[in-house]
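Here's the letter readout for the chains.
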Amino acid sequence: MLRRAVLQLALCGAAPALAAPVGLTVLDAAGQPLADAVVAVYVAGAPAQAPAGATAELAQRQKTFVPGVLAVQTGTAVQFPNFDTVRHHVYSFSPTKVFEIKLYAGTPAAPVVFDKPGTAVLGCNIHDEMRAYVVVTDGQHYGRSDGRGVWRAPDVVPGEYTLRIWHPRLREPGGLTERVLRI
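A. The packing of aromatic side chains, seen in detail. This structure, assessed with the given rule, holds four aromatic pairs. For the ring pair Y133 and W166, a centre distance of 5.2 Å and an interplane angle of 55 degrees mean the geometry is tilted. Here W166 lies in strand β16 (residues 160-166) and Y133 lies in strand β13 (residues 131-137), a separation of 33 residues in the sequence. The pair formed by Y133 and W166 is uniform in burial state, with each residue classed as buried. Every member of this aromatic cluster is reached through a ring pair, and the members are F80, F99 and F114. The ring centre of F83 lies 4.0 Å from the NZ or CZ of R61, which sits over that ring. Sitting over the ring of Y42, R164 keeps its end group 4.1 Å from the ring centre.

Right, here's the structure in full:
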């Protein structure tokens with residue numbers, strides 16, 4: 001288990017008050033890159049909502065959820081296409097979003113709208129080894145770290161932000177660590 005995430009922040013040069021790219025590397029307690037960490041940057045008192053019509057996809061392939069961690073903004077509709085030759089029964093009993101898509105093949109007619117921030121743990125009622133996470137954020141900038149632990153935001157205006165990082169192996173409450181960030 002990880003005790004905490006260690007961050008390295010890289011701010012590309014920018015004049016004051018101009019938006020600039022921001023990147024960071026998420027490392028585990030042993031200093032190794034941490035893939036699939038969800039990074040979100042928040043402006044105090046200004047929760048962000050997904051634009052109208054925002055969609056995402058969490059597929060099932062070879063009895064696995066792809067991706068295993070999905071980061072979306074509050075209000076995003078997520079589709080759950082099944083590309084396997086077997087049927088799946090996708091569910092979440094998490095307070096962030098309780099839902100159930102009973103045994104199905106193909107793509108369900110209606111997506112699931114994730115309308116509250118938090119983390120939803122997903123499973124398949126038929127295949128117990130299948131697990132995925134939908135991390136719903138109301139942060140202005142968000143995403144998932146790549147295989148090298150790197151996450152980037154293209155246009156961040158200088159200021160003070162709250163930075164939250166989530167990963168299923170973090171020991172902090174809910175797998176979440178939080179820091180104040182001044183850019």
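B. Summary view of the sheet that holds strand β4 (residues 55-57). Taken in spatial order, the three strands make up an open sheet running β4-β8-β11, and their pairing is mixed. In this open sheet, the two strands that pair with only one neighbour each are β4 and β11 (112-114). Between one strand axis and the next, the sheet turns by 35 degrees as a mean value, whatever way the strands run. One ladder, built from three bridges, connects β4 with strand β8 (residues 76-79); its direction is parallel. The residue bridging A56 from the neighbouring strand is V78, located in β8.

C. Fine view of the sheet that holds strand β9 (residues 88-94). Pairing within the open sheet is mixed, and its five strands lie in the order β7-β13-β12-β9-β10. Each edge of the open sheet is held by one strand with a lone partner, namely β7 (69-73) and β10 (97-104). Strand-to-strand twist of the sheet, defined as the mean angle between neighbouring strand axes without regard to direction, takes the value 20 degrees. Two elements, β7 and β13, share five bridges in a ladder whose sense is parallel. Following the sheet pairing, V72 is matched in β13 by V136.

D. Up close: the pairing of β9. Across the seven residues of β9, five count as buried, placing the element largely inside the fold. By the bridge criterion, six bridges tie β9 to β10 in an arrangement that is antiparallel. Note on β10: the bridge partner recorded for H88 is Y104. Summarising the sheet, β9 and strand β12 (residues 118-124) pair through two bridges and their orientation is antiparallel. Its bridge partner lying in β12, Y91 is registered against G123.

E. Up close: the environment of Q140. Secondary-structure assignment places Q140 in the loop between β13 and β14 (141-144). Q140 gets classed as partly exposed once you look at its relative accessible area, which sits at 24%. Sequence separation between Q140 and Q49 is 91 residues, and the spatial gap between their C-alpha atoms is 8.2 Å. Setting aside anything within four residues of it in sequence, one finds Q140 in contact with V41, Y42, V43, A46, P47, A48 and Q73. Here the side chain of Q140 touches V43 through a polar contact of 2.8 Å, landing on its backbone nitrogen.

Calculation notes
- Residues numbered from 1 in each chain as written.
- Predicted model: local features only at pLDDT ≥ 70, side-chain atom pairs only at ≥ 80, totals over all residues.
- Heavy atoms only, no water.
- Phe/Tyr/Trp six-rings, centres within 6.5 Å; stacked < 30°, edge-to-face > 60°.
- Helix = DSSP H or I, 4+ residues; strand = E, 2+ residues; numbered from the N terminus.
- Buried < 20%, exposed > 50% of the residue type's maximum accessible area, 1.4 Å probe, protein only.
- Lys NZ or Arg CZ within 6 Å of the ring centre and 35° of its normal.
- Pairing = 2+ DSSP bridges.
- Axes fitted to C-alpha atoms, helices over the stretch in contact; angles between N-to-C directions.
- Contact = heavy atoms within 4.5 Å.
- Polar contact = N/O pair within 3.5 Å; in protein donor to acceptor, adjacent residues only side chain to side chain.

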